[in-house]
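Spelled out from the first residue to the last, the chains are:
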Amino acid sequence: MISELLQASVIIGILHSGIRLAAPYLYAALGETVAQRSGVLDLGVDGIMLMGAFSAFYVVYETGNLWLGVAAAIFVGILMGVLMSVISVTYQAEQGISGIGLYMFGLGLSSLLFRVLIGSVEGISGFKELPIPVLSDIPVIGDIFFDHSILVYLAYVMVLVIWFLFEKTTLGLKVRAVGQNPEAADSLGVGVNRVRYFGVIFGAAMAGMAGATLSIDLLNVFQDNITNGLGFIAVALVYFGGWRPLGVLLGSLLFATVSSLQLWGQALDIQLLPSDLMVMLPYVLTIVVLVFSSGRVRQPAALNKPFERSG
Amino acid sequence: MSEKSSRSGSSRRLTADRLFDALLPVLATLIALAFGAILLLFLGVNPLEAYGALFRGAFGTVSGLTQTLAKATPLLLVALGICIAFRAGVINIGGEGQIILGAIAASAVALALPNLPGILLVILALTVGALAGAFWGGIAGVLKARFGVNEILSTVMLNAIALQLMNFLLRGPMLDPEQIAAGTNVPQSATLPLQVWLPRLVPRTLLHAGLILAIVLAILVYIFLWRTTIGYRIRAVGLNPSAARYAGIPVKRYMALAMILSGAFAGLAGAVEVTGIHHRMIEGLTGGYGFTGIVAALFGKLHPLGAIPASIIFGGLLVGADKMQRTVQVPSSLVVAVNGLIVLFVVASDYFVRRRARRRGREVSETETSGPPRPAMDMPQEGGS
């Protein structure tokens with residue numbers, strides 16, 4: 001039974017879908033990293049993802065244009081980000097609670113729109129695999145890494161983009177400054193709240209992308225609560241990754257591979273544990289990971305603290 | 001003399017301000033409903049028709065009203081727990097999981113001891129349910145106190161784990177033997193013994209004695225938070241953790257305690273649902289109460305007595321949403337979206353409360369101490385402290 005899992009083709013399959021499944025985690029968690037580095041904990045990621053997933057799916061369902069779907073998801077993500085920043089940055093709401101409000105809003109609204117505008121579970125044809133010439137011909141490696149859809153490749157490119165943002169650009173420096181010491185940043189003339197608006201809205205746009213990746217690439221379907229809490233795991237991955245893009249990459253790959261292992265186990269009907277208990281695994285793992293990462297890495301000092309000029 | 005008159009003037013303004021503060025959640029709710037109405041217009045639905053169906057369904061008939069009160073019961077219990085947690089500055093998002101654990105434990109006890117006399121079994125089932133919820137909340141509390149794990153994330157994960165645990169139990173160990181025999185395998189437990197069913201307050205309706213229990217507990221929680229040392233410390237920890245630490249209060253321990261108590265109330269809500277409404281463990285038993293309870297608690301300004309009317313209002317919204325879906329075919333998820341907006345607007349409206357408190361503090365800082373300018377949840381300073 002277990003030996004089936006050890007066949008070369010199965011291992012390649014597990015790793016291949018691990019790389020693929022990591023994409024939505026990457027988009028959502030990288031975006032959340034930017035928001036949190038700017039000092040805002042956006043817990044509404046799952047709600048934004050749901051809205052992004054619905055918007056992308058609906059546009060593709062109506063027009064068949066995949067890139068228009070992606071644009072719609074990003075646009076709706078930005079709108080959700082604006083809502084979140086007005087509430088959490090301008091009105092300085094307790095971020096843990098406003099995030100839950102945003103989540104409920106996205107959960108309810110995506111379900112409402114889905115039921116009114118589409119009504120039943122339909123399929124679409126989403127993004128196709130785009131094997132990279134030459135590289136995809138490499139045995140094993142090519143199969144695992146270079147035979148994916150464009151949204152999956154782009155998710156990995158974003159790791160580098162975010163790394164570059166933080167390490168090499170003035171904007172990234174400002175984001176880090178307002179999350180670490182907003183008073184000092186303010187005294188140097190950095191518009192703290194403006195930078196935080198950028199962090200939250202950018203993060204929300206990425207969450208919209210994460211949703212689109214689910215609904216028009218990985219699953220090609222939309223239904224109520226299609227994310228199933230994936231957005232919350234993405235927030236946990238930011239903690240796991242120590243607020244660094246490469247850490248987030250590592251965490252996303254770990255999670256996606258565990259999920260992939262569980263899916264393949266189910267498909268091949270290999271019962272290491274009852275399947276309901278196997279499904280628990282990623283969540284248990286998240287808690288374990290949080291235990292080990294909490295206190296190991298220091299979080300942005302001003303995370304979850306609204307900024308107000310004193311005096 | 002002039003100082004005296006200005007002080008009496010400021011105290012009059014204080015009362016008016018407090019009234020305004022108490023009305024802010026109502027205002028936030030009306031704005032959220034207005035947003036919902038605009039949304040419905042865009043979707044080509046007549047908002048008056050939808051909201052009319054909603055409110056008639058919730059409050060317009062005796063059967064609707066009893067259903068509303070029946071739904072208000074678990075909401076109130078969850079909201080009481082949320083009051084305790086949020087007052088201590090810990091955010092318990094784990095209501096759903098704690099309800100599930102409470103319901104599982106209460107059902108298991110009632111099914112395991114079918115020969116115990118009624119009152120004893122009821123007390124036992126409810127207690128075990130509360131303990132199970134306390135355990136589930138306590139995991140998050142202890143992880144926060146001991147390892148600094150963010151309780152928001154851990155409770156979300158514990159929700160997912162509890163859900164899978166329930167799926168597993170209801171398809172295996174707890175599956176009703178009659179379902180197995182009939183081969184239908186509907187995931188639910190066997191019917192609980194008759195003597196553990198909570199008495200119905202109005203015959204042939206869902207309204208059961210759990211409502212009375214919940215209201216009594218609301219009063220007790222109020223006394224606990226404002227008239228006992230432990231309650232005072234819990235609030236002190238939430239208002240200003242560093243001052244509380246300076247005063248010698250073991251902050252982390254009290255945060256964990258608040259989480260345990262919060263979980264106990266949610267667990268009790270689960271136990272009350274199985275003994276009062278369903279008389280067995282079923283899937284979908286939580287009905288989103290873990291989240292809606294947060295909305296109700298915020299609406300009631302995190303005050304246990306405020307949570308009573310708030311729970312009735314939000315119980316009504318849930319009942320009305322189902323009726324609306326059946327009569328005018330507007331999906332009940334509208335209410336989830338509106339609830340989300342209510343949360344957003346209520347937490348945002350605290351900004352005005354804080355700003356005024358700060359201004360007031362500046363004006364009268366020589367004679368009165370101002371409210372703490374904590375950027376987190378606003379804590380109204382009423383309640384005879």
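Residues numbered from 1 in each chain as written. Chains lettered and ligands numbered in written order. Predicted model: local features only at pLDDT ≥ 70, side-chain atom pairs only at ≥ 80, totals over all residues.

Caption draft 1: Structural context of the overall build of chain B. Secondary structure summary: chain B contains 14 helices and zero strands in total. Taking 2.2 N^0.38 as the reference for a compact globule, 385 residues should give roughly 21 Å; the C-alpha atoms of chain B span a radius of gyration of 22 Å, in line with that estimate. Dimensions of chain B, computed from the C-alpha atoms along their principal axes, are close to 85 × 55 × 35 Å. For chain B, contacts bridging at least 24 residues in sequence account for 77% of all contacts bridging at least 6. (Helix = DSSP H or I, 4+ residues; strand = E, 2+ residues; numbered from the N terminus. Rg over C-alpha atoms; globule rule 2.2 N^0.38 Å. Contact = placed C-beta atoms within 7 Å.)

Caption draft 2: Broad picture of the overall build of chain A. The number of helices and strands found in chain A is 13 helices and zero strands. Each helix and strand of chain A, ordered N terminal to C terminal, gives the series α-α-α-α-α-α-α-α-α-α-α-α-α. Against the compact-globule benchmark of 19 Å for 311 residues, chain A has a radius of gyration of 20 Å, which places it among compact chains. Reported as C-alpha extents along the three principal axes, the dimensions of chain A are approximately 70 × 45 × 40 Å. Across the 311 residues that make up chain A, the buried fraction comes to 54%. Restricting to contacts in chain A with at least 6 residues of sequence separation, those with at least 24 account for 79%. (Buried ≥ 20, exposed ≤ 12 C-beta atoms within 10 Å, placed from the backbone.)

Caption draft 3: Region of interest: the interface of chain A and chain B. Counting from both sides, the interface comprises 42 residues of chain A and, opposite them, 39 residues of chain B. Secondary structure elements with two or more residues in the side of chain A that touches chain B: α5 (95–118), α11 (230–240) and α13 (275–293) of chain A. For the side of chain A that touches chain B, the per-class residue count stands at 28 nonpolar, ten polar and four charged. (Nonpolar A, V, L, I, M, F, W, Y, C, P; charged D, E, K, R; others polar.)

Caption draft 4: Here's a closer look at the packing of helix α3 (residues 45–63) of chain A against helix α10 (residues 192–218) of chain A. All names here are of chain A. Running from N to C, α3 and α10 cross one another at 50°; their axes reach a closest spacing of 7 Å. Here α3 is positioned oblique relative to α10, judged by the angle of their axes. Between α3 and α10 the crossing geometry is right-handed. Residue-level inspection shows V45, I48, M49, L50, M51, G52, A53, A56, F57 and V60 of α3 in contact with α10, the latter providing A204, A207, G208, M209, A210, G211, A212, L214, S215 and I216. Partitioning the contact of α3 with α10 into residue classes produces 16 nonpolar, four polar and no charged. (Axes fitted to C-alpha atoms, helices over the stretch in contact; angles between N-to-C directions. Parallel < 35°, antiparallel > 145°, perpendicular 65-115°, else oblique. Left-handed = near helix turned anticlockwise from the far one by under 90°.)

Caption draft 5: Main features of the nonpolar core. Residue and element names in this part refer to chain B. In this structure, A79 and A258 are the most contacted members of the largest nonpolar core, which totals 234 residues. Ranked by residue count, the leading element in this core is helix α11 (residues 251–278), at 18 residues. Among residues more than four places away in sequence, those in contact with A79 are G293, A296, A297, G300, A307, A310 and S311. (Core = buried A, V, L, I, M, F, W, Y, C linked by C-beta atoms within 7 Å.)

Caption draft 6: Examining the environment of A22(B) more closely. All names here are of chain B. Structurally, A22 is set in helix α1 (residues 2–42). Note on A22: 16 C-beta atoms within 10 Å, which makes it partly exposed. For the pair A22 and G300, spaced 278 residues apart in sequence, the C-alpha to C-alpha distance is 8.3 Å.

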